[in-house]
Amino acid sequence: NAGVTQTPKFRVLKTGQSMTLLCAQDMNHEYMYWYRQDPGMGLRLIHYSVGEGTTAKGEVPDGYNVSRLKKQNFLLGLESAAPSQTSVYFCASSYTGTGATEAFFGQGTRLTVV
Amino acid sequence: KQEVTQIPAALSVPEGENLVLNCSFTDSAIYNLQWFRQDPGKGLTSLLLIQSSQREQTSGRLNASLDKSSGRSTLYIAASQPGDSATYLCAVGLADSGYSTLTFGKGTMLLVSP
């Protein structure tokens, strides 16, 4: 009963380095999302996917790329990390759009860019 | 643009009190409204999901109401316990976007003291 699993849980990057965050869900959900959570800002949507092979921009997409090659996985990439990308990143999934059905969240990835 | 506001930002109560958390949103064209709980350093756990056609949902000591026309929801917690201490987030699912997503409030941080 894994639900939504994020890898890694913690990471420290130097400015300019790249990395990929992995999100995996075992609920056969069509929709997957990446959010970032910052103090005083709440959760903001970065990118989302409405099915395998699709991606779309959310509210704050700049500096990030995503891929959904398999239905169960949604990858978030940082090509050249910046200190402004220090945040907690959450992945979520839902059977249909989160506006229509319940959303399930992962435990988060705490990223620090120095 | 949909905006979600949660009041109060923080709340401290003694154990046993009944309490109400408030959420307001600016655009009444929503699919649903969800209440989440977030423990420190953890992900989000869905508590209650209210469809736009519903007025309330109940789960144990929790009761959430929705007044779509006035753009308001409340989360009522009965007989609060120290284990209820967490941040509570309200999120609305938008009905007018091509693919529905969630817009979050910034949360209410609740502390229940023994």
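It should be noted that the structure appears before, not after, this text.
About the criteria used
- Residues numbered from 1 in each chain as written.
- Chains lettered and ligands numbered in written order.
- Predicted model: local features only at pLDDT ≥ 70, side-chain atom pairs only at ≥ 80, totals over all residues.
- Heavy atoms only, no water.
- Helix = DSSP H or I, 4+ residues; strand = E, 2+ residues; numbered from the N terminus.
- Contact = heavy atoms within 4.5 Å.
- Lys, Arg positive; Asp, Glu negative; His and termini not counted.
- Charge placed at Lys NZ, Arg CZ, Asp CG, Glu CD.
- Rg over C-alpha atoms; globule rule 2.2 N^0.38 Å.
- Buried area = accessible area lost by both parts, 1.4 Å probe.
- Salt bridge = Lys/Arg side-chain N within 4 Å of Asp/Glu carboxyl O.
- Polar contact = N/O pair within 3.5 Å; in protein donor to acceptor, adjacent residues only side chain to side chain.
- Phe/Tyr/Trp six-rings, centres within 6.5 Å; stacked < 30°, edge-to-face > 60°.
- Buried < 20%, exposed > 50% of the residue type's maximum accessible area, 1.4 Å probe, protein only.
- Pairing = 2+ DSSP bridges.
- Axes fitted to C-alpha atoms, helices over the stretch in contact; angles between N-to-C directions.
- Core = buried A, V, L, I, M, F, W, Y, C linked by side-chain atoms within 4.5 Å.
- Disulfide = S-S within 2.5 Å.

Q: Residue-level account of the overall build of chain B, with values.
A: In terms of helices and strands, chain B carries zero helices and 11 strands. Listing the helices and strands of chain B from first to last along the sequence gives β-β-β-β-β-β-β-β-β-β-β. In terms of overall dimensions, chain B has a C-alpha envelope of 45 × 30 × 20 Å along the principal axes. Here the contacts in chain B between residues at least 6 apart in sequence split such that 55% fall between residues at least 24 apart. Distance between charge centres in chain B, computed from 8 positive and 9 negative side chains, equals 3 Å.

Q: I'd like to hear about the overall build of chain A, residue by residue, with values.
A: Secondary structure assignment for chain A yields zero helices and 11 strands. Ordering the α and β elements of chain A from the N terminus gives β-β-β-β-β-β-β-β-β-β-β. A compact globule built from 114 residues should have a C-alpha radius of gyration of about 13 Å, and chain A, at 13 Å, falls within 12% of that. Each of the three principal axes of chain A carries a C-alpha extent, and together these read 35 × 30 × 25 Å.

Q: Describe the interface of chain B and chain A, with residues and values.
A: Facing 22 residues of chain B, the contacting portion of chain A comprises 24 residues. Summed over both sides, the interface of chain B with chain A buries roughly 1700 Å², with 55% coming from carbon and sulfur. Note that Glu 59 of chain A is salt-bridged to Lys 1 of chain B, the shortest N-O span being 3.5 Å. Across the contact surface, chain B and chain A share four residue pairs in polar contact (both at pLDDT 80 or more). Of all the secondary structure elements, the ones that give two or more residues to the side of chain B that touches chain A are strand E4 (30-38), strand E5 (44-51), strand E9 (86-94) and strand E10 (102-104) of chain B.

Q: Tell me about the packing of aromatic side chains, and name the residues and values.
A: For the structure shown, the criterion picks out nine aromatic pairs over all chains. Both rings, one in Tyr 64 of chain A and one in Tyr 89 of chain A, keep their centres 5.8 Å apart while their planes meet at 65 degrees; by these two values the pair is edge-to-face. Of this pair, Tyr 64 of chain A sits in the loop between strand E6 (56-57) and strand E7 (65-67) while Tyr 89 of chain A sits in strand E9 (residues 87-94); the two residues are 25 residues apart in sequence, bridging distant segments of the chain. By the burial criterion, Tyr 64 of chain A is buried, and Tyr 89 of chain A matches it. Every member of this aromatic cluster is reached through a ring pair, and the members are Tyr 31, Tyr 33, Tyr 35, Tyr 48 and Phe 105 of chain A together with Phe 36 and Phe 104 of chain B.

Q: Please give an account of the pairing of strand E7 (residues 62-67) of chain B that cites residues and values.
A: Residues and elements named next belong to chain B. With four bridges joining them, strand E6 (residues 56-59) and E7 adopt antiparallel strand pairing. Across the sheet, the residue bridging to Glu 56 is Ser 65, located in E7. Where E7 meets strand E8 (residues 72-77), six bridges bridge the pair, whose relative direction is antiparallel. If you follow Asn 63 over to E8, its bridge partner there is Tyr 76.

Q: Please give an account of the sheet that holds strand E1 (residues 4-7) of chain B that cites residues and values.
A: Residue and element names in this part refer to chain B. The antiparallel open sheet is built from five strands, whose spatial order is E1-E3-E8-E7-E6. Of all strands in the sheet, those with a lone pairing partner are E1 and E6, marking the two edges. Taking each pair of neighbouring strands and ignoring which way they run, the sheet shows an average axis angle of 15 degrees.

Q: If you had to explain the pattern of salt bridges to someone new, which residues and values would you point to?
A: Residue and element names in this part refer to chain A. Inspection of every chain in the model, using the stated rule, returns six salt bridges over all chains. When the shortest N-O distance is used, the salt bridge between Arg 44 and Asp 38 registers 2.9 Å. The exposure class assigned to Asp 38 is buried, which follows from its relative accessible area of 10%. In the salt-bridge network here, residues are joined through shared partners; they are Arg 36, Asp 38 and Arg 44.

Q: I'd love a proper account of the nonpolar core, names of residues and values included.
A: Ranked by internal contacts, the top residues of the largest apolar core, which has 23 residues, are Leu 33, Trp 35 and Leu 75 of chain B. Among the secondary structure elements, those contributing two or more residues to this core are strand E3 (19-25), E4, E5, E7, E8, E9 and strand E11 (108-113) of chain B. Take this core: its biggest share by element is five residues, from E9 of chain B. Val 4, Phe 74, Leu 76 and Ala 81 of chain A belong to the second largest nonpolar core, which has 19 residues in total.

Q: Describe the state of the cysteines, with residues and values.
A: Counted according to the given criterion, the structure contains two disulfides over all chains. Paired through a disulfide, Cys 23 of chain A and Cys 91 of chain A show a sulfur-sulfur distance of 1.9 Å. Here the S-S torsion is close to -75 degrees, and the disulfide linking Cys 23 of chain A with Cys 91 of chain A is therefore left-handed. Separated by 68 residues along the polypeptide, Cys 23 of chain A in strand E3 (residues 19-25) and Cys 91 of chain A in strand E9 bring together distant segments of the chain. We note that Cys 23 of chain A, like Cys 91 of chain A, is buried. Put simply, Cys 23 of chain B and Cys 90 of chain B are joined by a disulfide, and their sulfur atoms are 1.9 Å apart. Between Cys 23 of chain B and Cys 90 of chain B, the S-S dihedral sits near -55 degrees, and the bridge is therefore left-handed. Taken as a pair, Cys 23 of chain B in strand E3 and Cys 90 of chain B in strand E9 lie far apart in primary sequence, 67 residues in all.

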